[in-house]
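# Survey of secondary and tertiary structure
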Amino acid sequence: MNDSQIKNWLLATDKDQQNLFKKACSVKEKTFGKRVWFRGIIEFSNICQNNCLYCGIRKGNKKQERFKMSPDEILSCLKFIDKADYGSVVYQSGEMTSNSFKNYLLEIVRLAHQNFPNLGITISCGEQDFEFLKALKEAGATRYLLRIETSNPKLYAKLHPAEMSWEKRFQCLKDLQKLDYQVGTGVMIGLPDQTIEDLINDLHFFVENKFDMFGIGPYVIHEDTPLSNDSEVQRWWHKNKSRNFNLSLNFLAVLRILQPNANIAAATACDVLSPLGRMKVLQIAGNVIMPSVTPQNYRNKYLLYENKPCIDENAEKCFYCLNQKIVRAGLRPIFGEQGNSPFFYQRKNV
Ligand code: SF4
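Let me begin by describing the structure that accompanies this report. (Residues numbered from 1 in each chain as written. Predicted model: local features only at pLDDT ≥ 70, side-chain atom pairs only at ≥ 80, totals over all residues.)

## As for the overall build of the chain
The secondary structure content of the chain amounts to 16 helices and 11 strands. Residues counted as buried form 47% of the 350 residues belonging to the chain. For the chain, restricting intrachain contacts to residue pairs at least 6 apart in sequence, the fraction spanning at least 24 positions comes to 80%. (Helix = DSSP H or I, 4+ residues; strand = E, 2+ residues; numbered from the N terminus. Buried ≥ 20, exposed ≤ 12 C-beta atoms within 10 Å, placed from the backbone. Contact = placed C-beta atoms within 7 Å.)

## What about the packing of helix α3 (residues 71-84) against helix α4 (residues 99-115)?
Contact geometry of α3 with α4 gives a least axis separation of 10 Å together with a crossing angle of 35°. Like other packed secondary-structure pairs, α3 and α4 cross with a definite hand, here right-handed. Touching Pro71, Ile74, Leu75 and Leu78 of α3 are Glu107, Ile108, Leu111, Ala112 and Asn115, all from α4. Its residues assigned to classes, the contact of α3 with α4 comprises 7 nonpolar, 1 polar and 1 charged. (Axes fitted to C-alpha atoms, helices over the stretch in contact; angles between N-to-C directions. Left-handed = near helix turned anticlockwise from the far one by under 90°. Nonpolar A, V, L, I, M, F, W, Y, C, P; charged D, E, K, R; others polar.)

## Thoughts on the environment of Cys52
Along the polypeptide, Cys52 turns up in the loop between β2 (40-45) and α3. Sequence separation of Cys52 and Ala157 is 105 residues, and the distance between their C-alpha atoms is 10.0 Å. If sequence neighbours within four positions are ignored, Cys52 has contacts with Arg58, Leu159 and His160.

## Remarks on α3
In this model, α3 (14 residues) spans 20 Å end to end at C-alpha, consistent with the 20 Å of a helix rising 1.5 Å per residue. Of all the positions in α3, only Ile74, Cys77, Leu78, Ile81 and Ala84 are classed as buried. For α3, the angular spread of the buried residues around the axis is 125°, confining them to a single face. Those residues of α3 that are exposed and angled more than 90 degrees off the buried face are Asp72, Lys79 and Lys83. Its buried side turned inward, α3 meets β2, β3 (88-93), α4 and α15 (315-328). (Expected span 1.5 Å × (residues − 1). Arc of directions from axis to C-beta.)

## Here's the deal with the nonpolar core
Generally speaking, nonpolar side chains in soluble globular proteins are found buried as a group. Membership of the largest hydrophobic core comes to 106 residues, with the highest contact counts inside it found for Val89, Phe214, Leu252, Ala253, Leu255 and Ile289. In terms of residue count, the dominant contributor to this core is helix α11 (residues 241-258) (8 residues). Discounting chain neighbours no more than four positions away, the residues touching Ala253 are Leu20, Phe21, Ala24, Ile284 and Ala285. (Core = buried A, V, L, I, M, F, W, Y, C linked by C-beta atoms within 7 Å.)

## Things to note about the site of the ligand
All residues adjacent to the ligand are Cys48, Asn50, Cys52, Cys55, Ile57, Arg58, Gly94, Glu95, Gly126 and Leu304. Of the residues belonging to the shell around the ligand, the class tally is 5 nonpolar, 3 polar and 2 charged. (Near = placed C-beta within 6 Å.)

Following this line, the structure appears as structure tokens:
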């Protein structure tokens, strides 16, 4: 597919957009049918050593009260995931590289693996060194999500403090592949200063680097961050909500056409821009959803962006609500399966 075709698709509206969605959906259904797999996500700590300019739990946000769940609290969440038969867990937190954090993360990975050996375990805890990623794999983790955020190092540098490096992040993704993880990445769509060419390059970057899973959503502002302190950015963002939602859907549709067998998750941020945003993604391109299993008392402390949905819900309500929505969207919830990425097995020739 050449760049001008991709550009036309990314900018498609009305009938052209409907045709794009139909094409993506038929590609998706060839591999996945109407099936949707679950990953119960536990956002176990909002303590982060980084200062990404767009993120509500960045270290510099002094208004943010911090928490870290105890292993007992995590075990209760795992029991819920087991009862709900979600098949997979995602451990997500801010990025920490201290030894105490590493030991704690190893402990909770073992907790999941030893008590629920059939559970797929995904980690989403930022950049970590090779040896630690290896130890996590040996402890039972099989998948890792690390969003590159943008494939353009110059745009990355505008969104992150100088001590964070695009090259280091990319190296971490390579390390994960070397360690035989199923590797997931993603970008934000609708960032200030992001161009259509950036998005086209993001798509090429995904294909060239053979990623197995994707978590991609629209950029959503958070008022306690440097990026949205700029009133120009705030005005621009509010004015372009619908454009950015459509751009996100088009991007995911093109990605599905380019990567027919990769897992694509419907990101929660899609629901901020449209009430049934995640369902729309699943109808067009996605095959994975990540219901929150985080206890209710922590949910409003894990706000990477504003107006995050489901913060007044508990795990049980999310279970029923999402199931109903999936069925109403004409899709089929799948329980008791890990739902690994078929692209991973293709890539490994297994
Ligand atoms: S995006 Fe991740 S690494 Fe960056 S500040 Fe937020 S939690 Fe920390």
